[in-house]
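Okay, here's what each chain looks like letter by letter:
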Amino acid sequence: MNEEIREKKIRQLSRETYNLISAGEIVDRPSSVLKELIENSLDAGASRIDIEIESGGKHLLRVRDDGEGINRDDLHLALASHATSKIRDHDDLRSLRTLGFRGEALASISAVSRFALISNIHEEPAEGVSVKINQVAKNELFIEPSPHYRGTTVEVRDLFFNTPARKKFLRTERTEFQKLEEVIRRLALASPSVSFSVLHNGKVVRDFPEGNSIDRIGVVFGGSFYSNCIEIEEDRAEMRARGWIGLPTFTRGQPDQQFIFINGRFVRDKMLNHAIRLGYSDVIYHGRNPVFAIFLDIDPELVDVNVHPSKNEVRFRNSRDAHAFLKYSVSKAIEGISVGETISRGLPHRITSPDAVPMQFDFGRVNNGQGSREDIGAASQNNGSGKGVDVSKSEPLGYAIGQIHGIYILSQTAEGIVIVDTHAAHERITYERMKKSFAEDRVKSQPLLVPHSIPVSEAEANLVEDISSDLQKLGLSIRRTGPESVLVQAIPAILSKTNVEQLVKDLFSEITEFESSKIIEEYQDEVISSMACHFSIRANRFLTIAEMNALLRDIEETERSGQCNHGRPTWHHITLDELDTMFLRGR
Ligand code: ADP
Ligand code: MG
């Protein structure tokens, strides 16, 4: 330890030392550098941003824009710390309109790389000026003429060449490049009117042309999102949500296409993610991840973005409001996917269904005899005479023609055909009905003539003790009768004729996984869903045309019936145009 430190005198750090330390906060890898550079270009009003990368950004990052440029006399200030053109005092902090505002990024980046900045505020290229830093010569600045079109280019070479400790933490070129891509995706989604091109090791790897929001999302998420999404648009006095979310049937194994922006800034926020999950709850297959790009506009006074130098975090004045609002916006959009609208919009087209769901189910009661005479007449007329059915637009799912392999219903609609997964559809309908009656606190319970004693594990018997009063609310009357046995005395009326033992076993296998004693309160939907699964039409059960039509009408009426509660699609529409294309008709 040397003398000076022992003395513990307070002294101001030199500019070089200070910049190195603050670089640690802002710049931890190429992707954080790129984020700062692109944000600067966006703040400068660029309409085109060209990004050049070498070796995952470890050797070179170069960002060129056609923004407003930097005045010759300000060039050296751009590299000074705490120097910014974006705010003047702390009042401006309360209503930020730019992405940057700390005046820290270029100072930090230039302290840990071989750095060059070239800029021009004039149309005439010859008036461009560059500034470079010579770190060896005590951070001396070199300012000299350098031709450049209106706009700015920032070049960052050999990141961390002078801070080997930090350089050691860089990952492989591939990993660093993935992180760079992630940054580009976020910023590109938030600024669809700006075109972006990305060159990696001399090859064009991305090219986002300017467009509107959904065009950009389509390019970033991949084309099939376009035909598998729904729009969100919701307004409150102090909050506005818009954006696009994937259909519940269009999910991913990874949560890698989930983007939330607040006032144009990408944020990572557990609370908001949770709200969206809840908005999707019970229409997404367990373990799958929804896809979304949601833009929240909030009165800047109600949200603080000045929480952390570079982490994408925010702090809300009232996070409960934001949570409730987002959840509502998402679930409303999903509930709004009515059968008719979905068909008229040509959705869903190509559905990436999640892996098949293993299910056990019993003979269920079929919804019978509710189809009207006309339904039956129309369908049988078609079967008999081959004359075609009078399908009116008022019945979006059309009229049943017949059942295929005992699994699917084939139906003719005004615009084409519909294929319905009988089991999935029926499960969905049962689920929604049970949920509704549960919510209205009028679940009917049906006593069993002979109560069922069921052997269970000790843990399951304990569980029954804990939650029997909750289960009672769902119409399931069950109590513990021994260390490893329970007795079922009544089941939900809607599930009559179910295999009681199987019902209880399946229910337990579902709820023993939940880590909570408030199972019914928190997992109500899962529990009901598990029960509904028992009441679905068994594959291979023969249905009459009337029963099929009754089911089609039920689907139309049931909320969110486009998906079963495992997130599988319940039906699929194929238009005449698509059939014609399939058979190369009229082409
Ligand atoms: P901040 O963005 O927080 O203001 P930076 O260190 O990122 O701080 O940039 C410092 C200043 O340099 C900015 O305020 C801006 O005036 C100028 N600047 C940086 N990059 C650009 C650019 N691409 N186009 C125009 N001006 C820029
Ligand atoms: Mg900046």
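Bear in mind the structure is a predicted one, so any value in this text is a computation, not a measurement.

Chemist: Would you mind showing me how to read the overall build of the chain here?
Modeler: Scanning the chain for helices and strands turns up 18 helices and 22 strands. Counting the 587 residues in the chain, one finds 51% classified as buried. Taking the contacts inside the chain whose residues are at least 6 apart along the sequence as the reference set, 70% of them involve residues at least 24 apart. Summing over all exposed atoms, the chain offers an accessible surface of approximately 29,300 Å²; the carbon and sulfur share of this is 49%.

Chemist: Any chance you could explain the site of ligand 1 here in plain terms?
Modeler: Ligand 1 sits among 19 residues. The nearest are Asn 40, Thr 84, Ser 85, Lys 86 and Gly 103. At a separation of 3.2 Å, an oxygen atom of ligand 1 approaches a polar backbone atom of Ala 105. Protein burial of ligand 1: of its 530 Å² of free accessible surface, 92% is covered by the chains. Sorting the residues of the shell around ligand 1 by element identifies α3 (30-43) and α5 (105-111) as the ones contributing at least two each. For the shell around ligand 1, a count of residues per class yields seven nonpolar, eight polar and four charged.

Chemist: So what exactly am I meant to see when it comes to the pattern of salt bridges here?
Modeler: Pairing between side chains of opposite charge can happen when their charged atoms approach one another. Counted according to the given criterion, the structure contains 22 salt bridges. In this structure, Lys 332 and Glu 234 form a salt bridge, with 3.1 Å as the shortest nitrogen-oxygen distance. Note that Lys 332 is positioned in helix α10 (residues 319-335) and Glu 234 in strand β9 (residues 229-235), a separation of 98 residues in sequence. Looking at Lys 332, the relative accessible area reads 39%, which means it is partly exposed. Asp 256 is the partner of Arg 252 in a salt bridge, and the nearest nitrogen-oxygen pair spans 2.7 Å. Residue Arg 252 is classed as partly exposed on the basis of its relative accessible area, which comes to 30%.

Chemist: I keep staring at helix α14 (residues 458-473) and nothing clicks. Help me out?
Modeler: Given 3.6 residues per helical turn, the α-helix brings residues three or four places apart onto the same face. The first and last C-alpha atoms of α14 sit 23 Å apart over 16 residues, in line with the 22 Å expected at 1.5 Å per residue. Within α14, the axis deviates most sharply at Ile 467, by approximately 65°. Buried residues of α14: Glu 460, Ala 461, Leu 463, Val 464, Ile 467, Asp 470 and Leu 471, and no others.

Chemist: Explanation requested: the packing of aromatic side chains in the structure shown.
Modeler: One pass over the full model with this rule turns up seven aromatic pairs. Note on Phe 221 and Phe 225: the rings are 5.0 Å apart at their centroids and 85° apart in plane angle, and the pair reads as edge-to-face. Across the pair, exposure class does not vary: Phe 221 and Phe 225 are buried alike. An angle of 10° between the planes, with centres 4.8 Å apart, marks the rings of Phe 261 and Phe 295 as stacked. Separated by 34 residues along the polypeptide, Phe 261 in strand β11 (residues 258-262) and Phe 295 in strand β13 (residues 292-298) bring together distant segments of the chain. Its relative accessible area of 6% is what places Phe 295 among the buried residues. Cluster of aromatic residues (ring-pair linked, three or more members): Phe 221, Phe 225, Phe 250, Phe 259, Phe 261, Phe 266 and Phe 295. The ring of Phe 161 carries Arg 114 above its face, with NZ or CZ at 4.0 Å from the centroid. Sitting above the plane of the Tyr 399 ring, Arg 553 keeps its charged end 5.2 Å from the centroid.

Chemist: Whenever I open this one, unusual backbone geometry confuses me. Can you help?
Modeler: Residues other than glycine predominantly adopt negative phi, and peptide bonds predominantly adopt the trans conformation. Of note, the phi angle at Asp 158 is positive, near 50°, even though the residue is not glycine. Phi at Phe 160 is positive, roughly 65°, even though this residue is not glycine. Assessed through its relative accessible area of 0%, Phe 160 is described here as buried.

Chemist: Can you help me understand the environment of Val 291 in this one?
Modeler: Here Val 291 lies in the loop between α9 (270-280) and β13. Look at Val 291 and you get buried, because its relative accessible area is 0%. In this structure the C-alpha to C-alpha distance between Val 291 and Leu 247, which are 44 residues apart in sequence, comes to 8.1 Å. Those residues in contact with Val 291 that sit more than four places away from it in its chain are Phe 221, Phe 225, Ile 245, Gly 246, Phe 250, Arg 252, Gln 257 and Tyr 280.

Chemist: I'm lost on the nonpolar core in this one. Help?
Modeler: When a protein is soluble and globular, its nonpolar side chains tend to lie buried together. Counting residues in each nonpolar core, the largest one holds 89 residues, and the members touching the most others are Ile 51 and Ile 245. The biggest single contributor to this core is helix α7 (residues 173-190), with seven residues. Per-domain counts for this core show at least three residues from each of domain 1 (15-208) and domain 2 (213-336). By size, the runner-up hydrophobic cluster in this structure holds 28 residues, among which are Ile 454, Leu 503, Phe 508 and Val 527.

Chemist: Help me out: how do you make sense of the pairing of β13 in this one?
Modeler: A regular strand carries its side chains on alternate faces of the sheet. Within β13, six of the seven residues are buried, which leaves the element mostly enclosed by the surrounding structure. Bridging between strand β10 (residues 239-246) and β13 involves seven bridges; their strand directions are antiparallel. Counterpart to Ala 241 in the pairing with β13 is Leu 296. Of the pairings in the sheet, the one linking β11 to β13 comprises five bridges and is parallel in character. Looking at the pairing, Phe 261 lines up with Phe 295 of β13.

Chemist: What is the right way to read helix α17 (residues 545-557) from this model?
Modeler: In this model, α17 (13 residues) spans 19 Å end to end at C-alpha, consistent with the 18 Å of a helix rising 1.5 Å per residue. If you check which residues of α17 are buried, you get Ile 545, Ala 546, Glu 547, Met 548, Asn 549, Ala 550, Leu 551, Leu 552, Arg 553, Asp 554, Ile 555 and Glu 556.

Chemist: What's the story with a nonpolar patch on the surface in this structure? I'm lost.
Modeler: Together, Ile 404, Ile 407 and Tyr 408 give the surface a local cluster of nonpolar side chains, amounting to about 220 Å² of exposed area. Among the structural elements, Ile 404 can be located in strand β16 (residues 399-404).

About the criteria used
- Residues numbered from 1 in each chain as written.
- Chains lettered and ligands numbered in written order.
- Predicted model: local features only at pLDDT ≥ 70, side-chain atom pairs only at ≥ 80, totals over all residues.
- Heavy atoms only, no water.
- Helix = DSSP H or I, 4+ residues; strand = E, 2+ residues; numbered from the N terminus.
- Buried < 20%, exposed > 50% of the residue type's maximum accessible area, 1.4 Å probe, protein only.
- Contact = heavy atoms within 4.5 Å.
- Areas by Shrake-Rupley, 256 points an atom, 1.4 Å probe, with all protein chains shown as cover.
- Near = heavy atom within 4 Å.
- Polar contact = N/O pair within 3.5 Å; in protein donor to acceptor, adjacent residues only side chain to side chain.
- Nonpolar A, V, L, I, M, F, W, Y, C, P; charged D, E, K, R; others polar.
- Salt bridge = Lys/Arg side-chain N within 4 Å of Asp/Glu carboxyl O.
- Expected span 1.5 Å × (residues − 1).
- Bend = angle between axes of the 7 residues up to and from the residue.
- Phe/Tyr/Trp six-rings, centres within 6.5 Å; stacked < 30°, edge-to-face > 60°.
- Lys NZ or Arg CZ within 6 Å of the ring centre and 35° of its normal.
- Core = buried A, V, L, I, M, F, W, Y, C linked by side-chain atoms within 4.5 Å.
- Domains from an automatic or database assignment.
- Pairing = 2+ DSSP bridges.
- Patch = residues over 30% accessible without salt bridge, like charges linked within 9 Å, V, L, I, M, F, W, Y side chains within 5 Å.

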